[in-house]
Amino acid sequence: MLTIGTAGHIDHGKSSLVKALTSIDPDRLPEEKERGMTIDLGFAWLKASSGEMVGIVDVPGHEHFIRNVIPGLGGIDAALLVIAADDGWMPQTEEHVQILDLLGVKDGIVALTKIDLIDDPDWLELVEKEIAEKLAATGLKNAPIIRVSSKNGSGIPQLKEAIDRLVQELVPRQDIGQPRLPVDRVFTMKGSGVVVTGTLVNGSLSAGDDVFISPGGQTAHIRSIESYKQQVNRAQPGSRVALNLTGVKKSGLERGDIVMSIEARTSRMINVELRLIPQLANPLKTNSELVFYLETRELLGRIILFGRNDVPAAATALAQIRFNRDVAAYIGEHFIMRRQSPAITIGGGTILDPQAAKFRIRDTDKTIAFLERRKSLELEELVLTEVEKNRYIERKGFLENCCYSAKEVTDHIRLLQDQNRLVMTDIYIIGSNHWQRQQDKLLDSLHRDHAANPLKKGLSRSMLQSQLDLPKEAFSQMIASLVKSGKIARQEDSVYLSSHKPALSSGQDEMVSAIRRLFKKDVSNPPKTREVAEEIPGSEKVVRFMLQQNMLIELPDNILLEKKRYESIKREIIDFLEKKGEISIQDINSLFGFSRKYTIPLLQYLDIKGITRREGNVRILAGKQKQV
Ligand SMILES: Nc1nc2c(ncn2[C@@H]2O[C@H](COP(=O)(O)OP(=O)(O)OP(=O)(O)O)[C@@H](O)[C@H]2O)c(=O)[nH]1
Ligand SMILES: [Mg+2]
């Protein structure tokens, strides 16, 4: 499947030639018939001798209708440049060739028409020589020139053969699984509702598909598809397509909209590499307001040059375009730009960042470096720059708006991961530099915390995460991988370096002994946390350490007990319960000499630990029924 676009000066015989080739008159509007000129895009098709269908988009030659030309040439695979033998190379021949060149069209055929009007063979040779010279510096430099007459049919078979050769030589349209149908016509048909037409690129669409209309974001359903007047179930990239849509109104659609299988990301700002035509008289100044053509869309925008105030003819430059509305562009897409007055095509370019942040002068170097890396459109650079730009980015939808398929992108991410240039978690892709910096920061935080608080176990996860520039899921994976490699350890909520052993200084050692003495002083009156601090000033840290190290335990009401003593009390209570079945507060008081102030927190603690259970006024062993 491929689509050819005509190009050339007014009245040079484009539409007549399309009719001579296909028997279809591309001039469909009454006004076009009346005036004998093409005003808007026309469509026809022929079958190549290989059986392949070739769509033809016929464009107007009048300079006034250039805004209808560019949308027509957007999705084409090859050009049919029509030049009248009696007239030769003319201004719109020039302009259309510039546009084709800026759009990256490199294949085509030149049809030298109206040869029936020329008797002098030298003249034809002269015209052909001029054409070859003019095309030498363009993408069409290798296009064959075929002499034809639509009036008497001479040369038409040779032109068909040239088209056959083109069909064979052309590399088939890329199918990257991301279909886009830039709409060039919208109309309603009695009985079947809204129809949109266009040249399908980047993927295929099927009848029954649900689709999105960008940039508006409306959803629609493809009821049926027609391609070259035939109903088809599936339309291939490169073909001319008419979609019958349900779920949208004609008023909600216009030329320039794009029918896509996913909801595209849109933006008002894009970063590009632009290229100016050699014939441009005045340099392009930064801040100029221009008319831009992206696929079938025409829109106004302002150009902001990076690190310079103007660009001379024939030069390239990096720039930001700020549009007056959202666009759903993709990396690698071509565009055309024109001045409003005088209305001339001044250049075009390639989109390098379809989701650009507003450019600020202080970001000049960074922005230029980023775009310089993207200019080659190599997948590796696209992946790396996209990740670096965002620091971390969700895998879902990653580089969905670029000229590569999802599979190519995924394969490349895996390759870069194998080379340790990217880190992938379940949800995110993270640049290895960023990952490494965050990991260093995490380890450094732990180092510093351990040095400042040798008695403390470590830092809480939430404290650590708040210091890092990572989303929660990636942070968890970082912790897990550091635990796995043995660098860090975690206990409950605390994270610490594996090498960290909380230890006491000699002064603190003495405090531990003093605290122990405090417990021995009156065994039936163990101190509360606050009382220890009052008796032994500065001992809070040591108490916390002793709790962490399981030397002490803390009962409800902040009552402290030595772990050893608690264990023996617990044992005695269990023995008691195993013999007697139940234990009362008075039993405990008389067993251990405690007052009620201690007994109740102790029992609550045993309940929490699942050792005892309250039954009325007594405790029984948890899990046992009270025997009545
Ligand atoms: N003698 C002669 N006249 C031709 C030939 N091809 C086209 N014409 C005439 O040239 C005039 C313009 O032809 P079109 O086919 O409308 O030209 P066009 O390039 O489509 O014009 P626009 O769409 O307005 O740019 C018509 O009067 C045609 O009859 C040809 O091969 N020989
Ligand atoms: Mg025409």
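Report follows, based on the coordinates. (Residues numbered from 1 in each chain as written. Chains lettered and ligands numbered in written order. Predicted model: local features only at pLDDT ≥ 70, side-chain atom pairs only at ≥ 80, totals over all residues.)

1. Details of the sheet that holds strand E24 (residues 392–394)
Definition in use: Any two strands with at least two DSSP-identified bridges between them are counted as paired. We count a stretch as a helix when DSSP gives it H or I for four or more residues in a row; a strand needs E for two or more, and each element gets its number in order from the N terminus. As a rule, the C-alpha atoms of each element are fitted with a line to give its axis, helices using only the stretch in contact, and angles between N-to-C directions run from 0 to 180 degrees. Any pair of residues counts as being in contact when their C-beta atoms, constructed from backbone geometry, are within 7 Å of one another.
The three strands lie next to each other as E24-E26-E25, forming an open sheet whose pairing is antiparallel. Bordering the open sheet on either side are E24 and strand E25 (422–424), each of which pairs with just one other strand. Each neighbouring strand pair of the sheet contributes to a mean axis angle of 20°, computed without reference to strand direction. As judged from the three bridges shared by E24 and strand E26 (residues 428–431), these two strands associate in the antiparallel manner. Following the sheet pairing, Ile 393 is matched in E26 by Ile 429. Helix-sheet contacts for helix H10 (residues 432–452) involve E24, E25 and E26, and the interaxial angle to E26 is about 85°.

2. Brief notes about the pairing of strand E29 (residues 494–497)
As judged from the two bridges shared by strand E27 (residues 459–460) and E29, these two strands associate in the antiparallel manner. Across the sheet, residue Ser 460 finds its bridge partner in E29, namely Ser 494. With four bridges connecting them, strand E28 (residues 488–491) and E29 associate as antiparallel partners. Counted as the bridge partner of Ile 488 is Leu 497 from E29.

3. Description of the site of ligand 1
Where we set the bar: Nearness rests on one distance test: the residue's C-beta atom, set from the backbone, must lie within 6 Å of the molecule or strand. When residues are grouped by polarity, Ala, Val, Leu, Ile, Met, Phe, Trp, Tyr, Cys and Pro land in nonpolar, Asp, Glu, Lys and Arg in charged, and all others, Gly among them, in polar.
Neighbouring residues of ligand 1: 20 residues in total, closest Gly 13, Ser 16, Met 37, Thr 38 and Gly 61. Looking at the shell around ligand 1 element by element, the count peaks at three residues for helix H1 (residues 14–22). Considered class by class, the residues forming the shell around ligand 1 number four nonpolar, 11 polar and five charged.

4. Regarding the sheet that holds strand E3 (residues 53–58)
Reading across from one edge, E2-E3-E1-E4-E5-E6 is the order of the six strands in this open sheet, with mixed pairing throughout. A single partner strand is all that each edge strand has here, and the edge strands are strand E2 (42–47) and strand E6 (145–147). Neighbouring strand axes in the sheet, compared pairwise and without regard to direction, differ in orientation by 25° on average. Where strand E1 (residues 2–7) lies against strand E4 (residues 78–84), four bridges are found, and the strand directions are parallel. Bridge assignment links Ala 7 to a residue of E4, and that residue is Leu 81.

Interpretation note: all reported values are geometric properties and have no functional meaning in isolation.
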